[in-house]
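Notes for the structure review
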Amino acid sequence: MTEETMDSIPQHYSALQDRIARFEARVAVVGLGYVGLPLALTACETGFDTTGVDVDAGRVARINAAEHVISYMPGDRITRAVEGGRFRASSDPADLTAADIVLICVPTPLDAQNAPDLSFVTAAAREIARRLRPGQLVVLESTVWPGATAQVLRPILEESGLRAGRDFFLGFSPEREDPGNHDFNTQTIPKVVGADDPQSLALVEQFYNAIVARAVPVSSSACAEAVKLVENSFRTVNIALVNEMKVALDAMGVDIWEVVAAASTKPFGYMPFYPGPGIGGACIPVSPAYLSWRAGDVGSATPMIDLARSSNDAVPGDLAARTCRELGLDAEGAAPLAGRRILLMGIAYKRDVEDTRRSPALALLDRLEEMGAQVDYHDPYFPRMAEGGEYPHLAGRMSADLTEAALAGYDAVIVTTDHSAPDYALVARAAPLVLDSRNVFAKLGLTVAPGRLVKV
Ligand SMILES: NC(=O)c1ccc[n+]([C@@H]2O[C@H](COP(=O)([O-])OP(=O)(O)OC[C@H]3O[C@@H](n4cnc5c(N)ncnc54)[C@H](O)[C@@H]3O)[C@@H](O)[C@H]2O)c1
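1. Things to note about the sheet that holds strand β4 (residues 101–104)
- The strand order across the open sheet formed by 8 strands is β3-β2-β1-β4-β5-β6-β7-β8, and the pairing between neighbours is mixed. Sheet topology places β3 (87–90) and β8 (215–218) at the edges, where each strand pairs with a single neighbour. Averaged over all neighbouring strand pairs, the angle between strand axes comes to 25 degrees, with direction disregarded.
- Here strand β7 (residues 191–195) pairs with β8 via 4 bridges, running parallel. From the neighbouring strand, V192 faces β8, where its bridge partner is V216.
- On the sheet, helix α5 (residues 119–131) packs against β1 (27–30), β4 and β5 (137–140) and is oriented at approximately 165 degrees with respect to β4.
- Sitting on the sheet, helix α6 (residues 148–158) is in contact with β4, β5 and β6 (169–172), with an inclination near 150 degrees to β6.

2. Describing the packing of helix α8 (residues 221–251) against helix α9 (residues 256–263)
- Running from N to C, α8 and α9 point in directions that differ by 125 degrees, and their axes come no closer than 9 Å. Between α8 and α9, the crossing angle belongs to the class labelled oblique. In contact with V242, M245, K246 and L249 of α8, α9 contributes I256, V259 and V260.
- Of the residues that constitute the contact of α8 with α9, the class distribution is 6 nonpolar, no polar and 1 charged.

3. Focus: the domain arrangement of the chain
- On domain assignment, one finds that the chain holds domain 1 (3–219) and domain 2 (234–455).
- The C-alpha-based centres of domain 1 and domain 2 are spaced at 35 Å.
- Of the residues lining the interface, 22 residues belong to domain 1; the matching set on domain 2 comes to 17 residues.
- Interface of domain 1 and domain 2: buried area, both sides summed, is about 1,500 Å²; carbon and sulfur atoms make up 56% of it.
- Ranking the residues of domain 1 by area buried against domain 2 places Y34, L110 and W145 at the top, with a combined share of 34%.
- There are 1 salt bridge connecting domain 1 and domain 2.
- Applying the counting criterion to the domain 1 and domain 2 interface returns 8 residue pairs in polar contact (both at pLDDT 80 or more).
- Partitioning the side of domain 1 that touches domain 2 into residue classes produces 13 nonpolar, 6 polar and 3 charged.

4. Section: a nonpolar patch on the surface
- A surface patch of nonpolar side chains, amounting to about 250 Å² of accessible area, comprises M252, V254 and V259.
- Structurally, V254 can be placed in the loop between α8 and α9.
- The exposure class assigned to V254 is partly exposed, which follows from its relative accessible area of 34%.

5. Comments concerning the confidence of the model for the chain
- Mean pLDDT for the chain: 95, with 98% of residues reaching 70 or above.
- For the stretch residues 1–5, pLDDT sits under 50, and the model shows 5 contacts to residues farther than four places along the chain or on other chains.

6. Digging into the sheet that holds strand β9 (residues 341–345)
- The sheet built from 5 strands is open, its strands ordered β10-β9-β11-β12-β13 with parallel pairing. Both edges of this open sheet fall to β10 (374–378) and β13 (453–455), since each of them pairs with a single strand only. Sheet twist, expressed as the average angle between the axes of neighbouring strands with direction ignored, equals 20 degrees.
- Judged from the 4 bridges that link them, β9 and strand β11 (residues 412–415) form a sheet pairing that is parallel. Bridging from a neighbouring strand, L344 pairs with I414 of β11.
- Across the sheet, helix α11 (residues 303–326) lies against β9, β11, β12 (434–436) and β13, angled at about 150 degrees from β13, the strand it touches most.

7. A look at unusual backbone geometry
- The backbone phi angle of N114 is positive, close to 65 degrees, even though this residue is not glycine.
- Tracing the sequence through the fold places N114 in the loop between β4 and α5.
- With relative accessibility at 42%, the residue N114 sits in the partly exposed group.
- Non-glycine residue N439 carries a positive phi angle of around 60 degrees.
- With respect to the helices, strands and loops of the structure, N439 is situated in the loop between β12 and α15 (440–444).

8. Section: α11
- Across its 24 residues, α11 extends 33 Å between first and last C-alpha, which sits within 8% of the 34 Å expected from 1.5 Å per residue.
- Turning to α11, its buried residues number three or more, namely I305, A308, R309, N312, V315, P316, L319, A320, A321, R322, T323 and C324.
- Once α11 finishes, G328 follows within two positions and takes phi at roughly 75 degrees, a positive value.

9. Some details on the site of the ligand
- Near the ligand there are 26 residues, and of these V35, D54, T108, E175 and C283 occur at the shortest range.
- Between the ligand and T108, the relevant distance is 2.5 Å, taken from an oxygen atom to a side-chain nitrogen or oxygen of the residue.
- Burial of the ligand by the protein chains amounts to 89% of its free accessible area of 830 Å².
- Grouping the constituent residues of the shell around the ligand by class yields 14 nonpolar, 5 polar and 7 charged.

10. Quick look at empty space enclosed by the protein
- Counted by the stated rule, this structure contains 1 cavity of 30 Å³ or more.
- Lining of the largest cavity is provided by V35, L39, E141, E175, R176, E177, T186, I189 and K191.
- Class assignment for the residues of the lining of the largest cavity results in 3 nonpolar, 1 polar and 5 charged.

11. Quick word on the nonpolar core
- Counting 73 residues, the largest nonpolar core has L37, Y208 and L368 as the members making the most contacts within it.
- Each of domain 1 (3–219) and domain 2 (234–455) contributes no fewer than three residues to this core.
- In contact with Y208, not counting residues within four places along its chain, are L39, L103, V139, E141, S173, K191, V193 and A215.
- The next biggest cluster of nonpolar side chains, apart from the first, holds 39 residues, and it includes L140, L170, F172 and A289.

Calculation criteria
- Residues numbered from 1 in each chain as written.
- Predicted model: local features only at pLDDT ≥ 70, side-chain atom pairs only at ≥ 80, totals over all residues.
- Heavy atoms only, no water.
- Pairing = 2+ DSSP bridges.
- Helix = DSSP H or I, 4+ residues; strand = E, 2+ residues; numbered from the N terminus.
- Axes fitted to C-alpha atoms, helices over the stretch in contact; angles between N-to-C directions.
- Contact = heavy atoms within 4.5 Å.
- Parallel < 35°, antiparallel > 145°, perpendicular 65-115°, else oblique.
- Nonpolar A, V, L, I, M, F, W, Y, C, P; charged D, E, K, R; others polar.
- Domains from an automatic or database assignment.
- Buried area = accessible area lost by both parts, 1.4 Å probe.
- Salt bridge = Lys/Arg side-chain N within 4 Å of Asp/Glu carboxyl O.
- Polar contact = N/O pair within 3.5 Å; in protein donor to acceptor, adjacent residues only side chain to side chain.
- Patch = residues over 30% accessible without salt bridge, like charges linked within 9 Å, V, L, I, M, F, W, Y side chains within 5 Å.
- Areas by Shrake-Rupley, 256 points an atom, 1.4 Å probe, with all protein chains shown as cover.
- Buried < 20%, exposed > 50% of the residue type's maximum accessible area, 1.4 Å probe, protein only.
- pLDDT = per-residue confidence, 0-100.
- Expected span 1.5 Å × (residues − 1).
- Near = heavy atom within 4 Å.
- 1 Å grid on protein atoms, 1.4 Å probe; cavity = no way out; pocket = protein on both sides within 12 Å on 5 of 7 lines; lining within 4 Å.
- Points joined across faces, edges and corners; volume = space filled by probe spheres on them.
- Core = buried A, V, L, I, M, F, W, Y, C linked by side-chain atoms within 4.5 Å.

Put into C-alpha cells, the structure is as follows:
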C-alpha cells in the first residue's frame with residue numbers, strides 16, 4: 001500500500017461519515033423488487049437522494065410514472081417519492097457512478113439442481129465494479145450463503161483495482177421484508193449489519209441507523225449472512241412441524257388451530273406457527289436450501305432442515321390426496337379426479353400479496369390436474385396468470401368469478417390463500433364441499449352446513 005493510499009483511508013472514510021451524517025450521501029439501490037423498492041423509498045423518505053437501478057425497463061417506467069407496483073404498500077408512497085424530486089428509477093447502470101452508497105437487492109434463487117444461483121448478484125457486481133470509485137460503500141442485501149460477500153462479491157468488485165476496506169467499503173445486511181405485514185415495515189424493523197473491516201462496519205452501521213429504527217452490528221459479513229439463513233430455517237422447520245402435528249392430531253379428532261391458539265397463551269417458550277397448504281415465496285423455501293448447500297460444501301450437514309424442506313414440499317401433494325378422499329375417491333387410482341371440478345381460492349403464496357413465486361397453491365393446482373380434475377382458481381390479485389414463472393403452461397388462465405351458480409357447480413372448493421377480499425359467506429352458502437387449509441371460516445365466524453366444511 002502506498003503512503004498516499006494509506007493517508008486516503010481516513011479521508012474517504014471521514015468524508016463518507018460526514019455525508020451520511022448530513023444526509024448528503026447519494027444512495028443507489030440495485031434491484032427495485034419487493035425488497036429494493038421499499039428500501040429505496042425508506043432511504044429517500046429519511047432524507048437521502050436515492051436512485052433505483054433495475055434492468056427491467058418496463059418496471060422502471062411504471063415506478064417513474066408512480067404506478068402502484070406493490071399492492072400492499074401505501075398507495076401514495078411512490079407518488080410522494082417521485083413527485084418529491086429526491087427519488088427516481090433508472091435502467092441505466094451509469095447512474096451508479098454518482099452514488100456514495102450502493103445497496104444490492106437482486107434475486108438469489110435456486111438453480112435447476114436446487115443449488116444457490118448467485119448469477120444476478122455477480123451480474124450486478126460487474127456493473128458496479130466497472131464504475132467503482134474510491135470512497136464508495138457497497139452493501140449486499142440479497143440472501144446468500146455465509147461467506148459469499150467475501151468470496152464472491154468482493155473479488156468481482158476488486159477487479160476494479162480498488163481494495164475493500166482500503167479504497168472502498170463493503171458490508172452485508174440481510175433484508176427482513178415481510179410482504180403485507182401491517183405491524184412492521186422496512187423502517188421499523190431492526191437491521192443486522194456485518195462487515196469484514198472496522199471502517200466498513202462503522203459506515204454500514206451508521207447508514208442503517210440513519211434510515212431504520214436500529215442497526216444491529218455483528219462481527220463479520222458471514223455472520224450477518226448466517227443470521228438470515230437461521231431466521232428462515234427456523235420458520236421452515238416450525239412450519240413443517242405444525243403441518244405434521246395437524247395431520248397427527250386430526251387423526252385423533254383434535255383441531256390443530258384450537259391447540260395452537262391455546263398454546264399461544266403461554267407467555268414464554270412457545271411461538272405460534274400455523275398450518276397451511278405448504279410454503280411459498282422467494283424466501284422461506286429458498287434460504288434453508290442455501291444453508292444446506294453450504295453446509296455440504298464445507299463438509300457438514302443439516303438433516304433436520306432437509307427433512308423439513310422435503311416435508312413442506314410434500315404438503316400440496318398430500319392435500320390433493322386428501323381432496324380425493326373427501327370426495328370418496330381412491331387417490332392411488334388412475335386419474336382419480338377425472339370429471340371432477342375444483343376451485344382453488346387463491347394462488348398467491350400469502351394473504352393479500354400479488355406474488356405467486358413458489359406458491360404451494362400452484363403446486364396443488366398442477367397436482368390436481370395431473371389427477372384428472374378440471375381446476376379453476378379465484379384470486380383478486382391475478383385476474384390473469386402471467387407469462388413465465390415456474391408453471392409456464394398455466395399462463396393466460398383467468399380468475400373465475402365467484403357467483404352462487406358457479407360455486408354450486410364445483411365438486412370442491414379449496415381455500416389455499418386467505419385473501420381478505422373474497423366473499424367467504426357466499427362460498428359458505430353455495431359450495432357443496434369446502435376444504436379450508438387456512439381456517440378462514442372459523443376466523444370469520446362463518447357457519448357452513450354440517451358435513452360441508454373440512455379443515456385440511
Ligand atoms: N420478497 C421477500 O419478501 C423477500 C424476503 C426475504 C428475502 N428476500 C430476498 O431478497 C432478495 C431480493 O428479492 P426480491 O423479492 O426483492 O426480488 P424481486 O424479484 O422482487 O426483485 C428483484 C429485482 O431485481 C432486478 N434485477 C435483477 N438483476 C438485476 C441487475 N443485475 N441489476 C439491476 N436490477 C436487477 C429485477 O428486475 C427485479 O426487479 C433475494 O435475495 C430474496 O431471496 C426477499
